[in-house]
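# Breakdown of the fold
Listed below, chain by chain, are the residues.
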Amino acid sequence: MSFPLFLLAAAAVAVWLGSLYAHPFGACPRCRGHGHITRGKPKAGRKPKPPKVTSCPRCKGAARRQRPGSRTLHQLARRVSRELARQRKQRQAAPSRAED
Ligand SMILES: [Zn+2]
């Protein structure tokens, strides 16, 4: 096979970054996206007690968590767009400066 492997890897990374940008939040791994966890399994032979349901301590009931790297990616995108807007504004503010 002559297809370069690094192109495939680059495409995979691009797809991953795109999904990270479009979906910065994923399901909480602790409660598996339920927002609450059930503590205490009923023991055999004993009178069944109602299981204790508490809100997830990791996501605090939000049932989702920020995926690692998504914050950095969005900060980078915001910084790039802000820099581009700043350059555009600078060019519009002083158009005669570019001639001399
Ligand atoms: Zn959770």
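Everything here concerns the structure above.
About the thresholds
- Residues numbered from 1 in each chain as written.
- Predicted model: local features only at pLDDT ≥ 70, side-chain atom pairs only at ≥ 80, totals over all residues.
- Helix = DSSP H or I, 4+ residues; strand = E, 2+ residues; numbered from the N terminus.
- Buried ≥ 20, exposed ≤ 12 C-beta atoms within 10 Å, placed from the backbone.
- Contact = placed C-beta atoms within 7 Å.
- Expected span 1.5 Å × (residues − 1).

### Considerations on the overall build of the protein chain
A count of helical and extended segments in the protein chain gives two helices and four strands. Burial analysis of the protein chain (100 residues in total) assigns 3% to the buried set. The long-range share in the protein chain, meaning contacts at least 24 apart out of those at least 6 apart in sequence, stands at 63%.

### A few points about helix α2 (residues 70-93)
The terminal C-alpha atoms of α2, which comprises 24 residues, lie 34 Å apart, in line with the 34 Å expected from a rise of 1.5 Å per residue. For α2, a buried count of zero out of 24 residues is recorded, marking the element as mostly open to its surroundings.

### Focus on helix α1 (residues 5-22)
Because each turn of an α-helix spans 3.6 residues, side chains separated by three or four positions end up pointing in the same direction. For α1, with 18 residues, the first-to-last C-alpha span of 26 Å sits near the 26 Å given by 1.5 Å per residue. For α1, the tally of buried residues reaches only zero of 18 residues, placing the bulk of the element at the surface.

### Some points on the environment of Phe25
With respect to the helices, strands and loops of the structure, Phe25 is situated in strand β1 (residues 25-27). We classify Phe25 as partly exposed; it has 13 C-beta atoms within 10 Å. Taking the C-alpha atoms as reference, Phe25 lies 9.9 Å from Arg71; in sequence the two are 46 residues apart. Once residues lying within four places of it in the same chain are set aside, the contact partners of Phe25 are Arg64, Arg65, Gln66 and Arg67.

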